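# An overview of the molecular structure
Chain by chain, the residues run as shown.
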Amino acid sequence: NFWFALGVGGILTTLSQTNGRYQYDYATVPFLAEAFKLLVSSVFLWRECQSSTPSRMTTEWKSIRLYLIPSIIYLIHNNVQFATLMYVDTSTYQIMGNLKIVTTGILFRLFLRRKLSNLQWMAIVLLAVGTTTSQVKGCGEASCESFFSSPIPGYMLGILSACLSALAGVYTEYLMKKNNDSLYWQNVQLYTFGAIFNMARLVLDDFRGGFEKGPWWQRLFNGYSTMTWMVVLNLGSTGLLVSWLMKYADNIVKVYSTSMAMLLTMLFLGIIICMMSLHMYFAPPSKLVDLPLTVKTAPESVTEVSVDRRTDS
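Each value, and the rule that gives it
- The residue count restarts for each chain, going from 1 along the sequence in the order it is written.
- The predicted nature of this model means local features are confined to residues of pLDDT at least 70 and side-chain atom pairs, given and counted, to a pLDDT of 80 or more, with totals for whole chains, interfaces and linings taken over all residues.
- Note: side-chain values were computed over all heavy atoms of the structure, leaving out hydrogens and water.
- As used in this record, nonpolar core signifies buried Ala, Val, Leu, Ile, Met, Phe, Trp, Tyr and Cys residues forming a set joined through side-chain atoms within 4.5 Å.
- Exposure categories follow from relative accessible area, calculated using a 1.4 Å probe and restricted to protein chains: below 20% of the type maximum is buried, above 50% is exposed, and the middle band is partly exposed.
- Under the DSSP-based scheme used, a helix requires at least four consecutive residues in state H or I and a strand at least two consecutive residues in state E, with every element numbered from the N terminus.
- The contact criterion used throughout is that any non-hydrogen atoms of two residues lie within 4.5 Å.
- Note on method: axes are straight lines fitted to C-alpha atoms, helices fitted across the in-contact stretch only, with angles between N-to-C directions ranging 0 to 180 degrees.
- Geometric relationships in this document are graded by angle, where less than 35 degrees denotes roughly parallel, more than 145 denotes roughly antiparallel, 65 to 115 denotes roughly perpendicular, and other angles denote oblique.
- Should the near helix be turned anticlockwise from the far one by less than a right angle, the crossing is left-handed, and should it be turned clockwise, the crossing is right-handed.
- Aromatic contacts are taken between Phe, Tyr and Trp rings whose centres are within 6.5 Å, Trp giving its six-membered ring; a plane angle under 30 degrees counts as stacked, one over 60 as edge-to-face, and the others as tilted.
- Nonpolar side chains (Val, Leu, Ile, Met, Phe, Trp, Tyr) within 5 Å and like charges within 9 Å form the patches, drawn only from residues with over 30% relative accessible area and no salt bridge.
- Per-residue and other accessible areas were derived by the Shrake-Rupley procedure at a 1.4 Å probe size, with only the shown protein chains allowed to occlude residues.
- In what follows, salt bridge is the name for a side-chain nitrogen of Lys or Arg lying within 4 Å of a carboxyl oxygen of Asp or Glu.

## Focus on the nonpolar core
Ranked by size, the top nonpolar core spans 15 residues in total, and within it Tyr67, Leu175, Met176, Trp185 and Leu190 carry the most contacts. Those elements that place two or more of their residues in this core are α9 (152–176), α10 (183–208) and α11 (226–248). A per-element tally of this core places α10 first, with 6 residues. Sequence-distant contacts of tyrosine 67, that is, excluding residues within four places in its chain, are made with Leu175, Gln186, Gln189, Leu190 and Phe193.

Put into structure tokens, the structure is as follows:
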């Protein structure tokens, strides 16, 4: 389920576009996803509190304030990501994004004091190389040329983005395993700050735009479709699964899950496209396109004209 949720996210986001454009404010999607995660975690926490075994919850401010840090890191990461895409194209950014596999391993060792063997380090590097080669279409194509022709600030920002992504994941794992608090209580703290920071971004966008489109809460659902809601639900459910993974597994497992999700998505998407192509090529045209019905019309009446043929005597 985790692999499916991660892999299908990019497809749903692309399908939510109309004529290659977003008809909705895409900044509202992370806010609604954070609100969805907060709601689900609150319900589970309430049910856990109603059980016979009381939930462990640390309510001291010095512990709660630590959950501010991941929200700040993700906020900076989003701005760095936007700045990176100003210098490089999407394919180059995706290739550089594989650096977070290696940076996650490095920060995993430095901050969490988890020792990795030489064989495990080789496996992590091999995973980064494998995911990168699966995204490169060929050195003779334009994608490879654009990768090597990007300006230096784009590479620097791409490396910074990978480091921030890994840092946020490692720090979140540290918080989840810091004590024996309930997972749902930890999620409530994490997603509360996440919703606050995303709401602050919407308010800031309103001030930048001079409130031309009205306040953010009045246009929150403008342009939303069924596919857009699926993007929100997928993003929210993925976040809940990641928090569970951070609590009971680690970041390395998350890195492998993300990479496998990408590869499986490419595999199954390729199979689906090939099957659609096969069906479109060999299926009768009448089953693919609604052709207008051909109506047989009666032949027009032919007027007989008598011609007198006179022979010369």
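## A word on unusual backbone geometry
Residue arginine 113 is not a glycine yet carries a positive backbone phi of 60 degrees. Here arginine 113 is to be found in the loop between α6 (99–111) and α7 (118–135). With a relative accessible area of 67%, arginine 113 lands in the exposed category.

## Observations regarding the packing of helix α2 (residues 28–50) against α10
Running from N to C, α2 and α10 point in directions that differ by 155 degrees, and their axes come no closer than 8 Å. It follows from the interaxial angle that α2 and α10 lie roughly antiparallel. Viewed along their axes, α2 and α10 form a crossing whose handedness is left-handed. Residues Thr28, Pro30, Phe31, Glu34, Lys37, Leu38, Ser41, Ser42, Phe44, Leu45 and Glu48 of α2 lie in contact with α10, whose contacting residues are Tyr184, Trp185, Asn187, Val188, Tyr191, Thr192, Gly194, Ala195, Asn198, Met199 and Leu202.

## Some words on the packing of aromatic side chains
For the structure shown, the criterion picks out 10 aromatic pairs. Members of the aromatic cluster, joined through ring pairs, are Tyr24, Phe221, Tyr224 and Trp229.

## A short note on a nonpolar patch on the surface
On the surface, Met199, Val203, Phe207 and Phe211 cluster together into a nonpolar patch covering about 360 Å² of accessible area. Among the secondary structure elements, phenylalanine 211 is positioned in the loop between α10 and α11. On the basis of relative accessibility, which here comes to 40%, the residue phenylalanine 211 falls in the partly exposed class.

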